[in-house]
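A closer look at the structure
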Amino acid sequence: MILYFDSYITDIPLPGRDRNLLKENIRENCNVYKMPERLEIAKYVLSSYTLYPWSNVLIRYELDDRTLYKEFDKYIKTLFPTAKILHKRSDNQKEYRKSLKILESWGDPWIFYSPNNDHPLISSINNISQYLDELIVLARKWQKQYRFVSIMYSHFSEFISLPVFNTPQYLLYGKESKILEENDYAKIYLVSNGDFSSVQITSINLLKHWFNSVNLSGKKVIRAEDTIHDVRVSNQVIIAPKKIICAHFDGYEHLLGKVNEIMSDQIPPLFIPKGFFTNEIKISYGFSKYNQNWININPSSSNYSFRDQKYGTDLKISLNQIPLFWRSHISVLKVNSEINQEVFNKSLIKQRKILENPWLISSKGISISTVRFFLRIMGFIVNIR
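I will try to describe carefully the structure that is included in this document. (Residues numbered from 1 in each chain as written. Predicted model: local features only at pLDDT ≥ 70, side-chain atom pairs only at ≥ 80, totals over all residues. Heavy atoms only, no water.)

A word on a nonpolar patch on the surface
- Residues Leu-319, Leu-333 and Val-335 make up a contiguous nonpolar surface patch of roughly 220 Å² in combined accessible area.
- For Val-335, the location among the structural elements is in strand 12 (residues 330–335).
- Here Val-335 falls in the partly exposed class, since its relative accessible area comes to 39%. (Patch = residues over 30% accessible without salt bridge, like charges linked within 9 Å, V, L, I, M, F, W, Y side chains within 5 Å. Areas by Shrake-Rupley, 256 points an atom, 1.4 Å probe, with all protein chains shown as cover. Salt bridge = Lys/Arg side-chain N within 4 Å of Asp/Glu carboxyl O. Helix = DSSP H or I, 4+ residues; strand = E, 2+ residues; numbered from the N terminus. Buried < 20%, exposed > 50% of the residue type's maximum accessible area, 1.4 Å probe, protein only.)

Describing the packing of aromatic side chains
- In total, this model carries 27 aromatic pairs according to the counting rule given.
- Measuring from centroid to centroid gives 4.7 Å for Tyr-52 and Trp-54, while their planes differ by 55°, and the two rings are tilted. Considered together, Tyr-52 and Trp-54 belong to a single accessibility category, that of buried residues.
- Seen from their ring centres, Tyr-285 and Phe-344 are 5.9 Å apart, and the 85° between their planes marks the pair as edge-to-face. Taken together, the positions of Tyr-285 in strand 10 (residues 281–285) and Phe-344 in helix 9 (residues 341–356) put the pair 59 residues apart, joining distant regions of the chain. Each member of the pair, Tyr-285 as well as Phe-344, is classed as buried. (Phe/Tyr/Trp six-rings, centres within 6.5 Å; stacked < 30°, edge-to-face > 60°.)

Details of helix 5 (residues 128–143)
- Taking 1.5 Å of rise per residue, the 16 residues of helix 5 would be expected to cover 22 Å, and the 22 Å separating its terminal C-alpha atoms lies within 8% of that figure.
- The elements touched by buried residues of helix 5 are strand 4 (110–114), strand 5 (148–152), strand 6 (177–182), strand 7 (186–191), strand 8 (200–203) and strand 9 (236–241). (Expected span 1.5 Å × (residues − 1). Contact = heavy atoms within 4.5 Å.)

Some points on unusual backbone geometry
- Here the phi dihedral of His-155 falls at roughly 50°; this positive angle occurs in a residue that is not glycine.
- Following the sequence through the fold, His-155 ends up in the loop between strand 5 and helix 6 (156–161).

Examining the sheet that holds strand 4
- Taken in spatial order, the nine strands line up as 3-2-1-4-8-5-9-7-6 in an open sheet, and their pairing is mixed. A single partner strand is all that each edge strand has here, and the edge strands are strand 3 (84–86) and strand 6. Each neighbouring strand pair of the sheet contributes to a mean axis angle of 20°, computed without reference to strand direction.
- The pairing of strand 4 with strand 8 spans three bridges and is antiparallel. Residue pairing in the sheet places Trp-110 in a bridge with Ser-203 of strand 8. (Pairing = 2+ DSSP bridges. Axes fitted to C-alpha atoms, helices over the stretch in contact; angles between N-to-C directions.)

Remarks on helix 3 (residues 69–79)
- Three or more residues of helix 3 are buried, namely Tyr-69, Phe-72, Asp-73, Tyr-75 and Ile-76. The arc that holds the buried residues of helix 3, viewed along the axis, is 160°, so those residues lie on one side. Set apart from the buried face of helix 3 by more than 90 degrees, the exposed residues are Lys-70, Lys-74 and Thr-78.
- Contact partners of the buried residues in helix 3: strand 1 (2–9), helix 2 (38–48), strand 2 (56–63) and strand 3. (Arc of directions from axis to C-beta.)

Some words on the pairing of strand 2
- Most of strand 2 is tucked away: seven of the eight residues are buried.
- Alignment of strand 2 against strand 3, held across three bridges, turns out to be parallel. Note that in strand 3 the partner of Ile-59 across the bridge is Ile-85.
- Following the backbone out of strand 2, through helix 3 and into the adjacent parallel strand 3, one traces a crossover that is right-handed. (Right-handed = clockwise from strand over helix to strand, strands pointing away.)

Quick look at the nonpolar core
- By size, the foremost hydrophobic cluster in this structure holds 82 residues, and its most contacted members are Tyr-49, Phe-72, Phe-80 and Trp-326.
- If you tally residues by element for this core, the top one is helix 5, at eight residues.
- The residues contacting Tyr-49, other than those within four sequence positions of it, are Leu-3, Trp-54, Phe-80, Phe-112, Ser-114, His-119, Pro-120, Leu-121 and Cys-246.
- One finds Ile-2, Ile-111, Leu-207 and Trp-210 within the second-largest nonpolar core, a separate group that totals 21 residues. (Core = buried A, V, L, I, M, F, W, Y, C linked by side-chain atoms within 4.5 Å.)

Here's the deal with the sheet that holds strand 11 (residues 295–297)
- The three strands are arranged 11-10-12 in an open sheet whose pairing can be described as parallel. The strands lining the two open edges of the sheet, one partner per strand, are strand 11 and strand 12. When strand polarity is set aside, the average angle formed by the axes of neighbouring strands in this sheet is 20°.

Regarding a negative patch on the surface
- A grouping of Asp-11, Glu-37, Asp-64 and Asp-65 is seen on the molecular surface, where their side chains present a negatively charged patch.
- Tracing the sequence through the fold places Asp-11 in the loop between strand 1 and helix 1 (21–27). (Lys, Arg positive; Asp, Glu negative; His and termini not counted. Charge placed at Lys NZ, Arg CZ, Asp CG, Glu CD.)

Here we look at the environment of Leu-86
- Relative to the helices and strands, Leu-86 is located in strand 3.
- Residue classification places Leu-86 among the partly exposed residues on the basis of a relative accessible area of 26%.
- Note: C-alpha distance between Leu-86 and Arg-327 (241 residues apart in sequence) is 31 Å.

Structural notes on the pattern of salt bridges
- Taken as a whole and judged by the stated rule, the model has 17 salt bridges.
- Its salt-bridge partner being Arg-307, residue Asp-265 comes within 2.7 Å of it at the nearest N-O pair. Taken as a pair, Asp-265 in the loop between strand 9 and strand 10 and Arg-307 in the loop between strand 11 and strand 12 lie far apart in primary sequence, 42 residues in all.
- Residue class for Asp-265 comes out partly exposed when judged on its relative accessible area of 33%.
- Arg-352 serves as the salt-bridge partner of Glu-356, at 2.8 Å between the closest nitrogen and oxygen. One end of the pair, Glu-356, and the other, Arg-352, are both in helix 9, four residues apart, so they sit about a helical turn from each other.

Here it is as structure tokens:
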């Protein structure tokens, strides 16, 4: 599989994104969750991608600060010594055709398409490369019957629930989906009009279909979503992994206030742990009182640290769920010897249920936000009838 990273890296807000809810409600409430610079996020993301032995690596990027190219190139080469680097982000069909020519020349038909710079590979699976390869095996199998096949590597909660009857994802996007298979690795389903989300491991033929099957000259084409009104994709097979691979750095902020809203108190955004780049991460596990200047992990905590700086926690996971790419960067791990494992296990089961279906009352809890959410759902259902 080829890693294809293609992005413009800037801290200049996108149009319409000046008012960032995460910044107002979370990022400014807690030092751990404080928003880093985009270049730091890109470095963090690329570091996570070293977990897989890519057949080849193509990295196209642009920076708004041109003085940083040399430094970033050096960082990339420490991660991927043989990477092909171009200082030009694809923003039109001509540039995507250049990328396609390079990708095709390498002869590997599967592409980890990454036009975003903020989806780190946060998997905790020790054999993550084997798991990804098993998903590729599934994709090859379905490619014998269908022309377009892809694997969704991020936005876990959205894609695992899309074909599940009566979830908000189903009501919005899944009514024409059809489950083809379900196994220990993934849920596989058919979508009649394709999916253009730019978080897919794609076959080379789907990538070519997006960017080279119709004339897109004169159009701004930054990622697959920009081709949705020009390119027709019929009967695409979606493979939704049952284990988390990547996640969006801003979590599900893009869904706040929508019918399929997922609150940050349910699934929080990501952060770069203090000490990551110097191999000095310090983790405090299982303590009820918050330990400043450490990464606090306690699955049984009621609140995240951006809500409670005294008894909250930064993560609600188990020790074996710590992202695999963090582990070589950890210098100190302090574990509470008085952990109630039964309580922790129940909390971890609850967290898994939230990931799989964050729209249930049991997942959201009782709050004003929950009431508003269900009013939106009821209004949406009434309007579509």
